[in-house]
Amino acid sequence: MQGRSPQPSMELNRLLLLTSFLLHVKEDRASPTRLVCDNRLIQKYIVEAKDMEKGVGQCQALPALRCPAVLPLVDFTFQQWKSKSNETKRREILCDLALLLGAAAGAQGQVSDECGARQLSQLYRHANSFFLLLQTFSWETGHWEPSCSPHSMEQTHIPSIFLTYRQLVQGKLRFFFYDLATVSCKQGQGDSRDPPCGAQ
């Protein structure tokens, strides 16, 4: 039992962190971007995404998916990103996460291997945490509706789901958090945050 204790502890810490964020947003709906002022948060999620991608690579003989997973194309250029409003960026990321959640859930139903199923379940929980969190950030009235049609591709290889998630967290989500922090974290802190690599 002692050898398994760190994993539940890490998961509990992650859930407590997300819960505190959601409570903070609920109490201060007008300024949810205060939650992104600590750069360590997104770095933590990037490390977790890399660990999950590495973990699924260690699963033995993962089968090809009978029904291909539909994954978002998450590549973007910095110039395109700068031209979008924060609300447009938020909705775009939500669309990407919705596809990823569907892909992870669909793959779970096709994988009997314990290692692969465990990694997919973990990815689903992490992606869903982001999905719930971003729905609390809104610069327009009304609720987000999953009516978007993001650029997508079909993949039968399970590791591609983890690659896409890692690229999304390390790319769009990281820049989105940086954009919010640039605006909301200046007051009282100066403009001391370093931009993400590639943001020159």
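Before any of the text, the structure's been laid out above.
Residues numbered from 1 in each chain as written. Predicted model: local features only at pLDDT ≥ 70, side-chain atom pairs only at ≥ 80, totals over all residues. Heavy atoms only, no water.

A few words on the packing of aromatic side chains. Geometry of an aromatic ring pair is reported as the spacing of the ring centres plus the angle between the planes. All chains considered together, the criterion is met by six aromatic pairs. With 5.6 Å between their ring centres and 85° between their planes, F76 and F175 make a pair best called edge-to-face. Residue F76 is located in the loop between β1 (69-72) and α3 (78-82), and its partner F175 is located in helix α6 (residues 159-184); the two are separated by 99 residues in the primary sequence. Accessibility expressed as a relative area gives 6% for F175, which makes it buried. Relative to F177, the ring of F130 lies with its centre 6.4 Å away and its plane at 75°, an arrangement referred to as edge-to-face. Of the two residues, F130 is situated in helix α5 (residues 114-135) and F177 in helix α6; the sequence distance between them amounts to 47 residues. Comparing F130 with F177 shows no difference in burial state: the two are buried. Among the aromatic side chains, those forming a connected cluster through ring pairs are Y45, F130, F176 and F177. We note K44 situated over the ring of Y45; from NZ or CZ to the ring centre the distance is 5.2 Å. (Phe/Tyr/Trp six-rings, centres within 6.5 Å; stacked < 30°, edge-to-face > 60°. Helix = DSSP H or I, 4+ residues; strand = E, 2+ residues; numbered from the N terminus. Buried < 20%, exposed > 50% of the residue type's maximum accessible area, 1.4 Å probe, protein only. Lys NZ or Arg CZ within 6 Å of the ring centre and 35° of its normal.)

Mapped onto the elements of the fold, L134 is located in helix α5. Placed 43 residues apart in sequence, L134 and R91 show a C-alpha to C-alpha distance of 8.6 Å. The residues touching L134, leaving out its near neighbours within four places in the chain, are R90, I93, L94, L173, F176 and F177. (Contact = heavy atoms within 4.5 Å.)

Time to look at the packing of helix α4 (residues 86-108) against α5. Where α4 meets α5, the closest approach of the two axes is 9 Å, and the angle between their N-to-C directions is 155°. By the angle between their directions, the pair α4 and α5 is classed as roughly antiparallel. Like other packed secondary-structure pairs, α4 and α5 cross with a definite hand, here left-handed. Of the residues in α5, those touching α4 at R90, I93, L94, L97, A98, L101, A104, A105, A107 and Q108 are A117, L120, S121, L123, Y124, A127, N128, F130, F131, L134 and Q135. Residue classes in the contact of α4 with α5 are distributed as 16 nonpolar, four polar and one charged. (Axes fitted to C-alpha atoms, helices over the stretch in contact; angles between N-to-C directions. Parallel < 35°, antiparallel > 145°, perpendicular 65-115°, else oblique. Left-handed = near helix turned anticlockwise from the far one by under 90°. Nonpolar A, V, L, I, M, F, W, Y, C, P; charged D, E, K, R; others polar.)

Counting 44 residues, the largest nonpolar core has F130, I161, Y165, L173 and F177 as the members making the most contacts within it. Going through the elements one at a time, α2 (40-57), β1, α4, α5 and α6 are the ones with two or more residues in this core. The greatest single-element share of this core, amounting to eleven residues, is contributed by α6. (Core = buried A, V, L, I, M, F, W, Y, C linked by side-chain atoms within 4.5 Å.)

Quick look at the environment of L41 now. Within the secondary structure, L41 is located in helix α2. Measuring from C-alpha to C-alpha, the distance between L41 and R174 comes to 9.8 Å, with 133 residues separating the pair along the chain.

The end-to-end C-alpha distance of α5 is 32 Å, a good match for the 32 Å that 22 residues give at a rise of 1.5 Å each. By the N-cap criterion, in which a side-chain oxygen at the helix start approaches the backbone nitrogen of a residue two or three places on, α5 is capped by D113, the distance to C115 being 3.2 Å. (Expected span 1.5 Å × (residues − 1). Polar contact = N/O pair within 3.5 Å; in protein donor to acceptor, adjacent residues only side chain to side chain.)

Glancing now at the state of the cysteines. Across all of its chains, the model carries one disulfide by this definition. C59 shares a disulfide with C115; S-S distance 1.9 Å. Between C59 and C115, the S-S dihedral sits near -70°, and the bridge is therefore left-handed. Residue C59 is found in the loop between α2 and β1, and its partner C115 is found in helix α5; the two are separated by 56 residues along the sequence. Like C115, C59 is buried. (Disulfide = S-S within 2.5 Å.)

At a minimum axis distance of 12 Å, the contact between α5 and α6 shows a crossing angle of 25°. Comparing their axes, α6 and α5 come out roughly parallel. Two packed elements cross with a definite hand, and for α5 against α6 that hand is left-handed. Residue-level contacts link Q119, L120, L123, H126, A127, F130, L133 and L134 of α5 to I161, F162, Y165, V169, L173, F176 and F177 of α6. Residues of the contact of α5 with α6, tallied by class, amount to 13 nonpolar, two polar and no charged.

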